[in-house]
Structures are given as C-alpha cells and as structure tokens.
Amino acid sequence: METAAAQGHERRARAFAAALAQACRGAGVRRLNKPLSNLFRDREANGRGLPAAELTHVLEVDAAAGWADVEGMIPYDLALNGTLPHGVAPRVVPQLKSITVGGAVAGIGIEATSFRHGLVHETVREMDVALADGSIVSATRDNDHADLFAAMPNSYGTLGYATRLRIETMPVQRYVHVSHRRFKEIEAFFAAIEQAFDADADFLDGVAFAPDDFVLSTAAFVAAAPHVSDYTFENIYYRSLRERDEDYLTAHDYFWRWDTDWFWCSKNLGAENPILRRLLGRERLGSRFYQRVMRANSRWRLLETAERVAGYRRESIIQDVDLPLATAPDFLATLMAEIGIFPVWVCPVRDTGGVYAPLFPAPAARYVNFGFWDTLRFNVGYPAGHFNRKVESAVTRLGGIKSLYSSSFYSREEFDRMYGGDSYRQVKRRYDPDDALGDLYAKCVRPR
Ligand SMILES: Cc1cc2nc3c(=O)[nH]c(=O)nc-3n(C[C@H](O)[C@H](O)[C@H](O)COP(=O)(O)OP(=O)(O)OC[C@H]3O[C@@H](n4cnc5c(N)ncnc54)[C@H](O)[C@@H]3O)c2cc1C
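Presented here is an overview of the structure given in this document. (Residues numbered from 1 in each chain as written. Predicted model: local features only at pLDDT ≥ 70, side-chain atom pairs only at ≥ 80, totals over all residues. Heavy atoms only, no water.)

### Side note on the sheet that holds strand β8 (residues 203–210)
Thinking step 1. The strand order across the open sheet built from eight strands is β10-β7-β9-β8-β12-β13-β11-β14, with neighbouring strands paired in antiparallel fashion. Edge positions in the sheet fall to β10 (246–250) and β14 (401–402), since each has one partner strand and no second.
Thinking step 2. Examined bridge by bridge, β8 and strand β12 (residues 344–350) share three bridges and lie antiparallel to one another. Residue pairing in the sheet places G206 in a bridge with V346 of β12.
Thinking step 3. Strand contacts of helix α12 (residues 328–338): β8, β9 (213–222), β11 (313–324), β12 and β13 (366–378), with the helix running at about 5 degrees to β13, the strand carrying the most contacts. (Pairing = 2+ DSSP bridges. Helix = DSSP H or I, 4+ residues; strand = E, 2+ residues; numbered from the N terminus. Contact = heavy atoms within 4.5 Å. Axes fitted to C-alpha atoms, helices over the stretch in contact; angles between N-to-C directions.)

### Here we look at the packing of α12 against helix α13 (residues 386–397)
Thinking step 1. The interhelical angle for the contact between α12 and α13, taken along N-to-C directions, is 160 degrees, at an axis separation of 10 Å. Put simply, α12 runs roughly antiparallel to α13. For the pair α12 and α13, the sense of crossing is right-handed. On the side of α12, the interface is formed by D330, F331, T334, L335 and E338, while α13 contributes F387, K390, V391, A394, V395 and R397.
Thinking step 2. In the contact of α12 with α13, the residues fall into six nonpolar, one polar and four charged. (Parallel < 35°, antiparallel > 145°, perpendicular 65-115°, else oblique. Left-handed = near helix turned anticlockwise from the far one by under 90°. Nonpolar A, V, L, I, M, F, W, Y, C, P; charged D, E, K, R; others polar.)

### Quick look at the side chain of K428
Thinking step 1. Topologically, K428 is positioned in helix α15 (residues 421–431).
Thinking step 2. Owing to a relative accessible area of 8%, K428 belongs among the buried residues under this scheme.
Thinking step 3. Of the polar contacts made by the side chain of K428, one reaches the backbone oxygen of T158; its length is 2.6 Å.
Thinking step 4. Residues contacting K428, with those up to four places away along its chain left out, are T158, L159, P433, D435, L437 and G438. (Buried < 20%, exposed > 50% of the residue type's maximum accessible area, 1.4 Å probe, protein only. Polar contact = N/O pair within 3.5 Å; in protein donor to acceptor, adjacent residues only side chain to side chain.)

### Remarks on empty space enclosed by the protein
Thinking step 1. Using the criterion set out here, one finds two cavities of 30 Å³ or more in the structure.
Thinking step 2. Taken as a whole, the largest cavity encloses approximately 40 Å³ of empty space.
Thinking step 3. Every residue along the wall of the largest cavity is listed here: F331, T334, L335, E338, I339, K390, V391 and A394.
Thinking step 4. Among the secondary structure elements, those contributing two or more residues to the lining of the largest cavity are α12 and α13.
Thinking step 5. When residues of the lining of the largest cavity are assigned to their parent elements, the largest contribution, four residues, is made by α12.
Thinking step 6. The residue inventory of the lining of the largest cavity, partitioned by class, reads five nonpolar, one polar and two charged.
Thinking step 7. In this model, the second largest cavity occupies a volume close to 30 Å³.
Thinking step 8. What lines the second largest cavity is Y231, T232, D253, W256, R257 and T260. (1 Å grid on protein atoms, 1.4 Å probe; cavity = no way out; pocket = protein on both sides within 12 Å on 5 of 7 lines; lining within 4 Å. Points joined across faces, edges and corners; volume = space filled by probe spheres on them.)

Everything listed here is a matter of coordinates, which is why it stays silent on function.
The structure is reproduced here in structure tokens:
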C-alpha cells in the first residue's frame, strides 16, 4: 500500500526540480535551504534557496527485500526512525544525526559498518536526480544513466540533486554488545584491524588517543542485554573506550553514540563539564546544537578575534582521509608526529567492488578512514593552510584520498588526477552542459 508520504513525493520532487531550474536560470538562489549542513566551508545562511526541507520523508521500506526508499534530503535520524520499526536500518548510518542521505552520497559517508558494506554510496541501488534543466532522471548501476549514478558520489551537488534514493538495509536487533581492546603499539593495533576485517562482527571502529594508546571496538547486534549504558546525557561515550572492556547499548543509542559529544568535539564548547551538561540538558547535547554554536562563532569570528588580540593564530584541521591498509600505520604515525591532533577516529573500510565511483576511487580493497577535527593555535607565522597541506601531502605520498567537505589546497592538475577529472567532465557535458551547477574544483578547493 502506498503511504501518504509516498503519495506526496512526486509533487515535492517536481517542486524542487522546478526551483532548481529557476535558480539555474539565474532567478533564484542555487543552494539547499536546509537547517544544517556538515560542510566545514563557511557559507552564507540566509534562509533562501532550494526547498530541501520538504524532501525529508521515508517513502517505503521493504524489509524482506532489504531496501528502503527515502527522499534525498532526509537526515539520518529520521531515516533510522522510519526503518527501525520494520526491524531494519540503513546499512551505513553516518554518525551525525543531521547528515542527510543525499548529502552522504554527494559528500561521502562512512560508519563502523563500512568494513563490511563500504561507503554509503555502495549501498545505494537507485537514485532519482533533479538536473539543472528541471528534469528528473532515475539512475541505477546499469541503466542509461549509469554514468550519472557512478559520478554522484563526491559530486557535491554539481551534477544534480538526489531527490529519492533506494538504499540497502540490514536487519537489526534490539541491543548492541561492544568490546573494546586496548593497544600500546601501533603495529599491534593495525594487525588487530587487519584480522578484524574478517571477524564475525556487525561494527568495527577505533580511536587513537595518543601515540601509545589505541582502542579497537568491535560490536554486534544481540537480542538481550544484561544492562545498558546511557551516553546521551551525563556519561561520555569516547571516555568509556578507555574505561571498559565491554558494554551494551540499545541499537538506537549505539547508532548515535558519537552524536551526543560530536565524537569528542563537544569539549571545545565546554560541554564535557558536568555542570554545563546538566544546564544544557539532554535535548541540546548533540551535533545539531554544537553546529549552531559553531556557525555563530564562525559568523562573528569570536574566538579568532580573541586569539588574534592575544597574539595567536589558528588553523582548523577538520579532515577525513582514507589510506590503504598497507600504508595506514605510516600515515597515522606521520599525523601523530607532525600534526599531533588527538583523538583520531579510525574506521576500517572495504571496497565492496559493487560501484566504481570515478570521482572518489577507493584507494585499495581494504583501507582505513582517519577522522580528525580540531584547531591548532600557534604564535609563529605559518603560511595559510600549513598543516592542512602537510596532511594532503602525506595522503598523496601514501596513496590515499581525502574527503572534500572542508578546506583543500590541491592544484587543478592534482585534483583532476585524484578525483576523476576526465570522467567528471564527460558526465558534466551530458547532464549540466551549461555548467549551471558550478564546478567541483571551484566548489571544494579553497581559492589560493
Ligand atoms: C566534523 C565533520 C565530521 C564528519 N563526520 C562524519 C562521519 O562521522 N561520518 C560520515 O559519514 N561523514 C562525516 N562527515 C562528512 C559528511 O558526511 C559529509 O560532509 C556530507 O556531505 C554531509 O552531508 P549533509 O547532508 O550535511 O550535506 P550538506 O553539508 O548540506 O551538503 C554537502 C554537499 O552535498 C550536496 N548535497 C546535499 N544534498 C544533496 C543531494 N540530495 N543530492 C546531491 N547533492 C547533495 C550539497 O550541495 C553540498 O555540496 C563529517 C563532516 C564533518 C564536517
């Protein structure tokens, strides 16, 4: 039976595509009007733009066949709420509630299930894409629009916007049992990761806390739990990794274990302080609230100005990078020695081989994502982007690839080589010949 949400979908998608066409003709704002974004490039938020907030419904769930149809701008918390009652969840649920399904394809999404299921786009079966001319095409891995399907991952809205996606789901159970193993040696940590790729687990991720302090967490769905931990208020999940050997969470809380403290970035806002946590309350503790605070800070340049007055400069290093398993230890050692940001999130990923994404080619059959998000402060005159460039050059030297959601400094030639420049131009010629949706390099790389 068609749900009410499914009945309204065509109207909402058409309205979005019409607004997109109008904006591309220069008669509107060509930017998604949605409450939040997980891009760490400052951008204007003026409440105008394409009607993305309408396209946020779960349309249909077929648990037996293992898929769900969702609208392109649905945030993952709504997507999960819509699938859990059917006993299933998207195979890859990125850790922050406000990340949308379409955004995670266009900007690359990952989670602790990625060691088995790959990146978000590898779990997509079909995509309806609104193009600059206002038409909507349905793309799959092997139909007439397979070229568009393959090029959507890492396209950042420059080819079109996904209005509906059919995503693969996995069965869930009520609880998740987590085991934490601690390591002092980087070699032992990566040897354990290599073994864990073949383990009979549902989730696998880790954290580097210091050069001699690594934790690898494996987790599995279970039907019953002797007790459950609550990391949505006074207790902090990432700290538990160093304190416990095992743990139980509800499946819902496990999916959002990193959201309450934005991994560990809540500490930069003082939100690990027990008194402030109580004052903020359970509802505010989460990535949505921190993002709003962070945007206000970046709009008013509060911290930056205070630090400048005190004689300090700052550089934000907010990056996710993927390295082949073989060179991942070398990368992490370089990162720890030359940048020194801790903690670092470590997430093993398998290239499932199901989707070749020319704009974001997998660096190896098995690789490791490192996520590090912090600000370095210094009182010497480093050139702009000094530390981010070091990260980029280590990634290139070691055969990896970097996500593009924050600052990048690649030359056009390097960028073309790494992110499928020829394929991109071919697809662009077919689907956006007038370049109305902008150019990927111009959008993602900070002007020099
Ligand atoms: C601090 C930080 C931590 C992160 N951590 C994680 C993580 O743990 N796991 C993870 O998977 N990812 C993570 N990301 C990356 C995140 O998934 C990507 O940045 C993603 O693109 C954000 O999606 P969004 O829905 O917020 O989209 P937005 O930020 O709104 O948009 C991102 C880009 O995608 C385009 N876009 C948005 N919707 C669509 C659509 N429907 N069709 C086509 N293009 C579209 C936009 O035009 C824009 O260029 C992190 C990012 C940051 C900044």
